[in-house]
Amino acid sequence: MEIVFLVLVLVIAVLISNIIASKLTQVPLAFIEIAIGLLVAFIVPYYRHYTMNPDLFMLVVLAPLMFYDGLNTNMRALRRSFSTTLSLAVGLALVTISIVGVVTHLTLTELALPLSFALAAIITPTDAVAVSSVTANIEMPEEGMQTLKNESLFNDASGIVIFDLALQAFTTGKFSFTFGFFDFSYVFLGGLLLGMILGSLLVSLRTFLISHRMDNSSVIVTLGILTPFFVYFVAELAHVSGILAVVAAGLVHGVQEGRLRLTSTKIQVVSNTTWEVLSDNLNGFVFVLLGVSLPTVIADISYRNNSFLLFLMGLSILLYALMTILRYLWLRMGFATIRVRPEYKNTNCWIIALSGIHGTITLALAFSLPLTLHGTVFPYRNDLLFVASIVIILSMLVPSLILPALLPRQKEPFLWEDANSARRKMINYAIQKITELNEDPLETQAVISTLHSQNKPEKIESRRILRQLFAQTRDVENDVLDEMVANEDITEKERRLYQRTMLTRDAHSDNSVLKSIWRQIAYRFIYFFKRLTHSRKIKIAQQQMKHNSKLMKKFKSKHDTIVEIENRATQEAFKYLKSPKVNKESRTDISIVQRYYRERHRRYQNNSNSNEIQEELFIKAFQFEYNYVQNQLTENKLTRELASALYEQISNDELIYMQNDEIYD
């Protein structure tokens, strides 16, 4: 139960961060998540001395994130810039680790050389997701951003392998350059090869399931989510890079996406949405955990010596500056090439150098440091954690301040005001065309009401007026009942049956929402109690009804009577709402009451003919919307980006309708 609570705390922390970020758009999301993590560390007692299980972190958080990055990698761009990617991810990574390791050892002489290299390996890998978070409001060069993404896919493995070798040298006191080289090659290349093999096998399995009609979302989506965990686990058993294995598996899935498109549209939408939500939340966990961990690390160091804490902060700044300069020089001297005009080369080199932001892998490796060594506390563990944490924060803070001066603000492809205006015109066009078809008025009105709801959700303008409208329409229904009883169309008993049915089933049958909810609960409880105490009698009555034509006829007669009353009452209610007696200024409230009666009418009057009419009208409405966008695009009244956004929205609306078109069946 404790673990569940702690996970829920992190989920809530990420949720709160996203809510705040939606309002504070100028502040990078990562900073907000770190701040919320700090707050959690002070509020939740358990997190005041928090230590994270690194193996669990790598498997549960890192593996799916790296798989998702591989899955969404542009393979054409990767192949085109593979030499640059390899130069940055391996060449620059090894040079940086070597120089930073030596500088660290010379600056902090009491830190053993293997631990200095371990620290260098921790802070070298970059994080493209952190780059996206920091540069969300500025326009990054497309070529540069793609380079950063490709680099972050593979330099993680370089850092992890060197980190493992450095720890091994520190704990055993032995190191062989030849063994280290071959071990690096085995772990690096073995991870890639195993990931490609397992990825291909899992793609084939998914294709097999799809071709044999076992392609429901609970199978295909679940298999996709389990893929990175399975690949990482097998790779670690084979002592190769689990991170590179999941990246390779993700790349294979991306390359063979054409085969996976055999899945239904619903599964594709569910899968993409699931991965997006999972990825966003896992990235949020990383920075929230960083915020949660900082107070404990700082407390442990400052307890020993406050001046040493300042020294470590200075060391962190030195190492960050050194890594940034090394990145700049590596690009400026042509060891890695970026396709830009010569006059922009210097600026782009600085942009790529400053965008070497650290995040997930750095934090994971820092927490991977053992807690103990030969039965004693692992030396300098908190010091290395603190330096890594400061480097992460610096790598996000510095570009947040400098990059906006080097790059223009991100331009939206279109203004939201223009998008909303175009959307309203598109929907109004579809409504006009649907009206001109002169189909069944009630079904047409239901479709038009749904189309109107695409613009924006209906908000109650005045609860008092809304209650009055419902009271007035109920009076209209009672007048209909009085007239039907007077004309002997129904009996007094049938009138009471109808009123009782509406009273117990309709949520809006009372002026008070609380009373309405209470009445619903009371009705359900009474129904359940009767089923519990009279279940045998009910079963006997049901069996008798099945074999007794008179009882069946009587039951059907009651149902038909209620349907007939409801039909007349609804028609009169609609007439009243359109009459001069109703104040037309409260259009939204009137629309809500109309929608209520339409939905109720559909529930009671449901028949295949009505469903077919409405389905046909919806299909035509979507086609009218497509036609409108195409015509506006042809006449250059819409930009291609805005037209694409409208097309996407129509497709989503159509998909949602098709998934819910059996709601009244």
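Residues numbered from 1 in each chain as written. Predicted model: local features only at pLDDT ≥ 70, side-chain atom pairs only at ≥ 80, totals over all residues. Heavy atoms only, no water.

Chemist: It is not clear to me how the side chain of Thr124 should be interpreted in this structure. Could you clarify?
Modeler: Relative to the helices and strands, Thr124 is located in the loop between α6 (113-123) and α7 (128-134). Separated by 2.6 Å, the side chain of Thr124 and the backbone oxygen of Ala120 make a polar contact. If near-sequence neighbours (up to four positions away) are discounted, Thr124 is found in contact with Ala93, Thr96, Ile97, Asn155, Met323 and His358. (Helix = DSSP H or I, 4+ residues; strand = E, 2+ residues; numbered from the N terminus. Polar contact = N/O pair within 3.5 Å; in protein donor to acceptor, adjacent residues only side chain to side chain. Contact = heavy atoms within 4.5 Å.)

Chemist: Teacher, can you tell me more about the environment of Ala388 here?
Modeler: Mapping Ala388 onto the fold places it in helix α17 (residues 381-406). Between the alpha carbons of Ala388 and Ile122 there is a distance of 7.1 Å; along the sequence they are 266 residues apart. If we skip the residues at most four places from it in the chain, Ala388 touches Ile122, Ile123, Thr362 and Ala366.

Chemist: I would appreciate a short explanation of helix α16 (residues 360-367) in the present structure.
Modeler: An α-helical segment advances 3.6 residues per turn. Residues three or four places apart therefore align on the same side. Burial analysis of α16 places eight of its eight residues in the buried class, which makes it a mostly covered element. Buried within α16 are the following residues: Thr360, Ile361, Thr362, Leu363, Ala364, Leu365, Ala366 and Phe367. (Buried < 20%, exposed > 50% of the residue type's maximum accessible area, 1.4 Å probe, protein only.)

Chemist: For this particular structure, what's the right way to read empty space enclosed by the protein?
Modeler: Left-over empty space is what a probe sized like a water molecule reveals as it rolls over the atoms. Considering all chains together, one arrives at two cavities of 30 Å³ or more under this definition. Taken as a whole, the largest cavity holds about 100 Å³ of empty space. Along the walls of the largest cavity sit Leu65, Met66, Asp69, Thr126, Asp127, Ala128, Val129, Ser152, Asp156, Asn283, Thr360 and Ile361, which together make up its complete lining. Put simply, the parts of the chain that give the lining of the largest cavity at least two residues each are α3 (54-71), α7, α8 (142-172) and α16. If one sorts the elements of the lining of the largest cavity by residue count, α3 sits on top with three residues. Along the lines of polarity and charge, the residues of the lining of the largest cavity split into five nonpolar, four polar and three charged. (1 Å grid on protein atoms, 1.4 Å probe; cavity = no way out; pocket = protein on both sides within 12 Å on 5 of 7 lines; lining within 4 Å. Points joined across faces, edges and corners; volume = space filled by probe spheres on them. Nonpolar A, V, L, I, M, F, W, Y, C, P; charged D, E, K, R; others polar.)

Chemist: Where do I start with the side chain of Gln632 in this structure?
Modeler: As for its placement among the helices and strands, Gln632 is situated in helix α26 (residues 608-634). According to the relative accessible area criterion, Gln632 is buried, its value standing at 15%. In this structure, Gln632 is in contact with Lys637 and Leu638, ignoring residues within four places of it in sequence.

Chemist: I tried to follow a nonpolar patch on the surface on my own but got confused; where do I start?
Modeler: On the surface, a cluster of nonpolar side chains totalling about 550 Å² of accessible area is made up of Val4, Leu8, Ile12, Ile16, Ile20, Leu24 and Val27. Among the secondary structure elements, Ile16 is positioned in helix α1 (residues 2-23). According to the relative accessible area criterion, Ile16 is partly exposed, its value standing at 37%. (Patch = residues over 30% accessible without salt bridge, like charges linked within 9 Å, V, L, I, M, F, W, Y side chains within 5 Å. Areas by Shrake-Rupley, 256 points an atom, 1.4 Å probe, with all protein chains shown as cover. Salt bridge = Lys/Arg side-chain N within 4 Å of Asp/Glu carboxyl O.)

Chemist: Where do I start with a positive patch on the surface in this structure?
Modeler: A grouping of Lys493, Arg496, Arg500 and Lys558 is seen on the molecular surface, where their side chains present a positively charged patch. At three residues, helix α21 (residues 492-505) tops the list of elements feeding residues into the positive patch. Mapping Arg500 onto the fold places it in helix α21. (Lys, Arg positive; Asp, Glu negative; His and termini not counted. Charge placed at Lys NZ, Arg CZ, Asp CG, Glu CD.)

Chemist: So what exactly am I meant to see when it comes to the packing of aromatic side chains here?
Modeler: Aromatic ring pairs: the centre-centre distance and the angle between the two ring planes describe each pair. Tallied over the entire structure, the rule returns nine aromatic pairs. Taking the centre distance of 5.5 Å and the plane angle of 40 degrees together, the rings of Phe67 and Trp275 count as tilted. Within this pair, whereas Phe67 is found in helix α3, its partner Trp275 is found in helix α13 (residues 265-304), the two being separated by 208 residues in sequence. Between Trp330 and Phe335, the aromatic rings sit 4.7 Å apart at their centres with planes inclined by 35 degrees, giving tilted as the arrangement. By relative accessible area, which is 14% here, Trp330 ends up buried. Exposure remark for Phe335: the relative accessible area of 46% places this residue in the partly exposed category. Counting every residue linked through ring pairs, the aromatic cluster contains Phe67, Tyr68 and Trp275. (Phe/Tyr/Trp six-rings, centres within 6.5 Å; stacked < 30°, edge-to-face > 60°.)

Chemist: Sorry, what's going on with the pattern of salt bridges here?
Modeler: Between side chains of opposite charge, a pair can form when the charged atoms approach closely. Taken as a whole, this structure holds eight salt bridges when the rule is applied. Asp489 serves as the salt-bridge partner of Arg568, at 3.3 Å between the closest nitrogen and oxygen. Taken as a pair, Arg568 in helix α24 (residues 549-578) and Asp489 in the loop between α20 (463-486) and α21 lie far apart in primary sequence, 79 residues in all. Residue classification places Asp489 among the partly exposed positions, given a relative accessible area of 40%. A salt bridge links Lys637 to Glu635; the nearest nitrogen and oxygen atoms lie 3.2 Å apart. In the salt-bridge network here, residues are joined through shared partners; they are Asp482, Glu492 and Arg495.

Chemist: Looking at this structure, how should I read helix α11 (residues 242-255)?
Modeler: The first and last C-alpha atoms of α11 sit 20 Å apart over 14 residues, in line with the 20 Å expected at 1.5 Å per residue. Summarising burial for α11: 13 of the 14 residues are buried, a large majority. (Expected span 1.5 Å × (residues − 1).)

Chemist: What is the right way to read the environment of Ile99 from this model?
Modeler: Looking at the element boundaries, Ile99 is found in helix α5 (residues 82-107). Looking at Ile99, the relative accessible area reads 33%, which means it is partly exposed. With residues up to four places along the chain from it excluded, the contact list for Ile99 reads Leu322 and Leu326.

Chemist: Looking at this structure, how should I read the packing of helix α10 (residues 217-237) against α11?
Modeler: Axis separation between α10 and α11 bottoms out at 8 Å; the angle between their running directions is 140 degrees. Considered as vectors, α10 and α11 are oriented oblique to each other. Pair α10 / α11 crosses with right-handed handedness. Where α10 abuts α11, its residues Thr227, Pro228, Val231, Tyr232, Ala235 and Glu236 lie against Gly242, Ile243, Ala245, Val246, Ala249 and His253. Residue composition of the contact of α10 with α11, by class: eight nonpolar, three polar and one charged. (Axes fitted to C-alpha atoms, helices over the stretch in contact; angles between N-to-C directions. Parallel < 35°, antiparallel > 145°, perpendicular 65-115°, else oblique. Left-handed = near helix turned anticlockwise from the far one by under 90°.)

Chemist: I tried to follow unusual backbone geometry on my own but got confused; where do I start?
Modeler: Peptide bonds are, in most cases, trans, and in most cases residues other than glycine have a negative phi. Despite not being glycine, Glu488 shows a phi value in the positive range, around 60 degrees. The residue Glu488 is located in the loop between α20 and α21 in this model. The residue Asn636 is not glycine, and still its phi comes out positive at about 60 degrees. Mapped onto the secondary structure, Asn636 falls in the loop between α26 and α27 (640-660).

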